[in-house]
Amino acid sequence: MMSRRKFLILTGAVAAGAILPAQISAKTQFVESAEEVSAKRRWAMSIDVSKCTECMEEFIAKTGNPEVKPPCVVACDKENNVPEFKDKRIDPQWIRIAKLKLDQPSINPREFYMPLLCNHCEYPPCVEVCPTHASFKRPDGIVEIDMHRCIGCRYCMIACPYGARSFNFVDPRKGLKEINPNVPMRTEGVVEKCTFCVHRVDEAVAKGENPIPACVEACHKYGKGAMTFGNIKDPDSELSKTLKDNMPVQLRANLGTDPHVFYLKLGGE
């Protein structure tokens, strides 16, 4: 039975979330107004599934481990302080590698691998259901979680159609060998997920450079160059050109979330 103290804390948090606007942390503040940012920047990612499959098959053959973590996942974990626990039931994952096969073998009879991560939706259901506004979408499209507002209700996990969020059943520091001081540590009892390496994005924008998330950097350096990140509102960006030259697929697009992770060559070459 919930104590009176816990009940007051919970109801107070919910009430505060309903009254106050979503907290804007220092890393989400821009020199431009929110309208200006929204008008000229919208971050997104494309993933070439055929290259991902080639990369995974090579690493599996090399290591003999069918669950080997490819460079993109290793880099993401290290960059963003994502812990690793032997018990997979409590192991947070910002990128999961799924092994799939189309139900129409005439299109592609082979099994293939594809990374699954937060899709940073234009209309994120996780944001809609959050009672404390801990989940919020920035003007540039990146969906974030304010750890200090998160009460661990996990409504966002239920609402997310991509299974992109993880709950910290234990302190993440117990599953880390080293900590990147550039990324805030999460705590036990809160939800976490991919942020498109938002700290890298903000630093690059401040310098007038093109941002590169850790997974994309590692994919091009150690993998097959399957991932592309950029500003979808810039027609001259590498991402825009990649999407124009291919037939991108959005996962579960029928739900109306407008996900901004685009998959290429799902049907093979």
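None of the values given here were measured: they were computed from a predicted structure.

Visitor: I tried to follow the overall build of the chain on my own but got confused; where do I start?
Guide: For the chain, the helix and strand inventory stands at nine helices and ten strands. Within the chain, the fraction of its 269 residues that count as buried is 47%. Accessible area for the chain stands at about 14,700 Å²; split by element, carbon and sulfur atoms hold 55% of it.

Visitor: So what exactly am I meant to see when it comes to the pattern of salt bridges here?
Guide: When the charged atoms of two side chains lie near each other, side chains of opposite charge can form a pair. Scanning the entire structure with this criterion turns up 21 salt bridges. Between K40 and E32 there is a salt bridge, with its nearest N and O atoms 3.0 Å apart. The structure contains a network of salt bridges with shared partners spanning R138, D140, E144 and D202.

Visitor: Whenever I open this one, the side chain of K193 confuses me. Can you help?
Guide: If you trace the backbone, K193 turns up in the loop between β7 (191-192) and α7 (198-207). E144 is the oppositely charged side chain nearest to the buried, salt-bridge-free K193, at an N-O distance of 7.4 Å. Once residues lying within four places of it in the same chain are set aside, the contact partners of K193 are W94, C118, H120, V143, E144, I145, A164 and R165.

Visitor: How do you make sense of the packing of aromatic side chains when you look at a structure like this?
Guide: Note on aromatic pairs: each is described by the distance of the centres and the angle between the planes. Per the counting criterion, the structure on display carries three aromatic pairs. Centroid distance W43 to F229: 5.6 Å. Interplanar angle 15 degrees. Geometry classified as stacked. One end of the pair, W43, is in strand β1 (residues 43-48); the other, F229, is in strand β8 (residues 227-231), with 186 residues separating them in the sequence. Given a relative accessible area of 5%, W43 falls into the buried group. On the basis of relative accessible area, F229 is assigned to the buried category, the value being 9%.

Visitor: Is there a simple way to explain the packing of helix α4 (residues 71-80) against helix α8 (residues 214-222) in this structure?
Guide: Relative orientation and spacing of two packed helices are given, respectively, by the angle between their axes and the distance between those axes. The geometry of α4 relative to α8 is characterised by a closest axis approach of 8 Å and an angle of 140 degrees between their N-to-C directions. Looking at the two axes, α4 sits oblique to α8. Crossing geometry of α4 relative to α8 is assigned as right-handed. Residues P71, C72, A75 and E79 of α4 form the contact with α8, whose own contacting residues are A214, C215, A218 and Y222. Split into classes, the residues belonging to the contact of α4 with α8 amount to seven nonpolar, no polar and one charged.

About the thresholds
Residues numbered from 1 in each chain as written. Predicted model: local features only at pLDDT ≥ 70, side-chain atom pairs only at ≥ 80, totals over all residues. Heavy atoms only, no water. Helix = DSSP H or I, 4+ residues; strand = E, 2+ residues; numbered from the N terminus. Buried < 20%, exposed > 50% of the residue type's maximum accessible area, 1.4 Å probe, protein only. Areas by Shrake-Rupley, 256 points an atom, 1.4 Å probe, with all protein chains shown as cover. Salt bridge = Lys/Arg side-chain N within 4 Å of Asp/Glu carboxyl O. Lys, Arg positive; Asp, Glu negative; His and termini not counted. Contact = heavy atoms within 4.5 Å. Phe/Tyr/Trp six-rings, centres within 6.5 Å; stacked < 30°, edge-to-face > 60°. Axes fitted to C-alpha atoms, helices over the stretch in contact; angles between N-to-C directions. Parallel < 35°, antiparallel > 145°, perpendicular 65-115°, else oblique. Left-handed = near helix turned anticlockwise from the far one by under 90°. Nonpolar A, V, L, I, M, F, W, Y, C, P; charged D, E, K, R; others polar.

So yeah, pure geometry; function would need other evidence.
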